[in-house]
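# Results of the structural survey
Spelled out from the first residue to the last, the chains are:
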Amino acid sequence: MDSTLLGRSRFSFFAAMPDSVTQAVSALYDAYPFPPEPMQDGPPPGYNWRWHYPSAYAFCTGRAPQLGRPRILDAGCGTGVSTDYLAHLNPSAEITAIDISAGTLAVAQERCQRSGVADRIHFQQLSLYDVAQLPGEFDQINCVGVLHHLEDPDRGLAALASKLAPGGILHIFVYAEIGRAEIRQMQEAIALLQGERRGDYRDGVAIGREIFSQLPANNRLRRREEERWALENQRDECFADMYVHPQEIDYNTETLRRWIEGSGLTFLGFSDRDRWQPDRLFGSSDTLRDRFQSLSKWQRYRLIELLDPEITHFEFFLGRSPLPQYDWSDNDQLLHAKPVRNECLYGWPSRDIFDPDYRPRTLSEAEYAFLEQCDRPLDSALTVAELLQTSSLDLAAVRQLIDQQLILLVPAQT
């Protein structure tokens, strides 16, 4: 392609694909663009705080970021659902979105054009392996549902790590093996029945649906599909992504730990952190809780994984040093910080809101008044100490607002 055309276009093509697995994955998503979310004119509904750079950065470090114009990469953007959110949630950001499938990229570009943000996004057809071709480094990288579909996830993660700026954060979503056991069985069954037609994804979807329709009603694979996945799998795109994907690698917490350690990046925590709390599994048992606390961090993760077969994926943040860490346990440090209301509160301004994890929350009158005072530009923001002079809240209540991600904190200048 003429380099002058590449310079003008928001949608670039690279002809070379690195391997047959990449070609097979690209063919699947050309046939079934994924995710198949409907398009809309205007902003997408709701939010995902993991795609809101200030919220994600604060989750990873304890403080709001200093960057006013972050560079964000959506690595494996698919049909642009995540890209659309990234653009709307980060209006000052410079955003690049890549995918190996020309078909899904075309959908992504149309989606973002209809929602009004396409002119702020650089779309490019590119394998994850080849992100070195992109200029510069990124402050936030979003890679959801992609690395587990690579033939060499180690190489893919290393490629992304090489593009993460110092102080940058990387959000990853990969599959978990225990919670997807029945899916893997059905994948193999469909492949066996397809035989030489494997790679014909429409045939694979037809065969898979025929299997489910004929299995006995009490068959475990059929029950699992009907109880857990059938609603989303009404759409062929979802069924194909789940059951006839040409490449998939599932992880457990031990293989995940080794994979992360090999990347040279720092593990910053699971972004669905409530799932990794022991109380939801151990109830009132002090014995189990005490034994749990005696384990190492990754042993705790493994135990929860073993006891909860509903864990079908891992979503987590990695980071590149230097990354500050604030826990706000120092009262003086907290009093001098400036709190800013988290923008990811659905229903604000109101006392009845959904928090960043979409859980319903009714604010007390004092909490609502405090958040109102935090809802101002940073250059006119008050410190916690100043806000508490006219509030009935105390420092313990402020720390609760921090833990619930309702406010983000900017430390005092040192």
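From a predicted model like this one, the values you see are computed outputs, not experimental measurements.

Reading the values: the criteria
- Residues numbered from 1 in each chain as written.
- Predicted model: local features only at pLDDT ≥ 70, side-chain atom pairs only at ≥ 80, totals over all residues.
- Heavy atoms only, no water.
- Phe/Tyr/Trp six-rings, centres within 6.5 Å; stacked < 30°, edge-to-face > 60°.
- Helix = DSSP H or I, 4+ residues; strand = E, 2+ residues; numbered from the N terminus.
- Buried < 20%, exposed > 50% of the residue type's maximum accessible area, 1.4 Å probe, protein only.
- Lys NZ or Arg CZ within 6 Å of the ring centre and 35° of its normal.
- Core = buried A, V, L, I, M, F, W, Y, C linked by side-chain atoms within 4.5 Å.
- Contact = heavy atoms within 4.5 Å.
- Domains from an automatic or database assignment.
- 1 Å grid on protein atoms, 1.4 Å probe; cavity = no way out; pocket = protein on both sides within 12 Å on 5 of 7 lines; lining within 4 Å.
- Points joined across faces, edges and corners; volume = space filled by probe spheres on them.
- Nonpolar A, V, L, I, M, F, W, Y, C, P; charged D, E, K, R; others polar.

## A word on the packing of aromatic side chains
Considering all chains together, one arrives at 30 aromatic pairs under this definition. Seen in terms of ring centroids, Phe270 and Tyr301 are 4.8 Å apart; in terms of plane orientation they differ by 80 degrees. Their pairing is edge-to-face. A residue pair is termed long-range when its members are at least 10 positions apart, and Phe270 in strand β7 (residues 266-270) and Tyr301 in helix α14 (residues 297-307) qualify at 31 residues. Using a relative accessible area of 14% as the deciding quantity, one classes Tyr301 as buried. Between Phe354 and Tyr358 the ring centres are 6.1 Å apart and the planes differ by 50 degrees, which places this aromatic pair in the tilted class. Phe354 gets classed as partly exposed once you look at its relative accessible area, which sits at 33%. Taking relative accessible area as the criterion, Tyr358 reaches 35% and is therefore assigned partly exposed. Taken together, the ring pairs in this structure connect Phe267, Phe270, Trp276, Trp298, Tyr301, Phe314 and Phe316 into an aromatic cluster. Positioned above the aromatic ring of Tyr175, the side-chain terminus of Arg180 is 3.4 Å from the ring centre. Across from the ring centre of Tyr32, 4.7 Å away, lies the NZ or CZ of Arg202, which sits over that ring.

## Structural notes on the nonpolar core
By size, the foremost hydrophobic cluster in this structure holds 40 residues, and its most contacted members are Leu147, Leu160, Leu170, Leu256, Phe314 and Phe316. Sorting the residues of this core by element identifies β2 (71-75), β5 (138-144), α6 (153-162), β6 (164-175), α11 (253-261), β7, α14 and β8 (313-319) as the ones contributing at least two each. If sequence neighbours within four positions are ignored, Leu160 has contacts with Leu73, Ala75, Leu128, Val131, Ile141, Cys143, Leu147 and Leu170.

## Focus: the domain arrangement of the protein
Domain parsing of the protein yields domain 1 (48-177 + 250-320), domain 2 (185-240) and domain 3 (331-407). Once you take the C-alpha centre of each, domain 2 and domain 3 turn out to be 47 Å apart.

## Quick word on empty space enclosed by the protein
Applying the stated rule across the entire model yields one cavity of 30 Å³ or more. Of the voids in this model, the largest cavity is the one considered here, and its volume is about 40 Å³. Looking at the largest cavity, the residues that line it are Glu182, Ile183, Met186, Phe212, Leu221, Arg224, Glu225 and Tyr243. Those elements that provide at least two residues to the lining of the largest cavity are α7 (181-194) and α9 (220-229). Partitioning the lining of the largest cavity into residue classes produces five nonpolar, no polar and three charged.

## With respect to the environment of Pro309
Examined against the element boundaries, Pro309 turns out to sit in the loop between α14 and β8. By relative accessible area, Pro309 is classed as partly exposed at 44%. Apart from residues no more than four positions distant in its own chain, Pro309 is found in contact with Ile178, Gly179 and Arg224.

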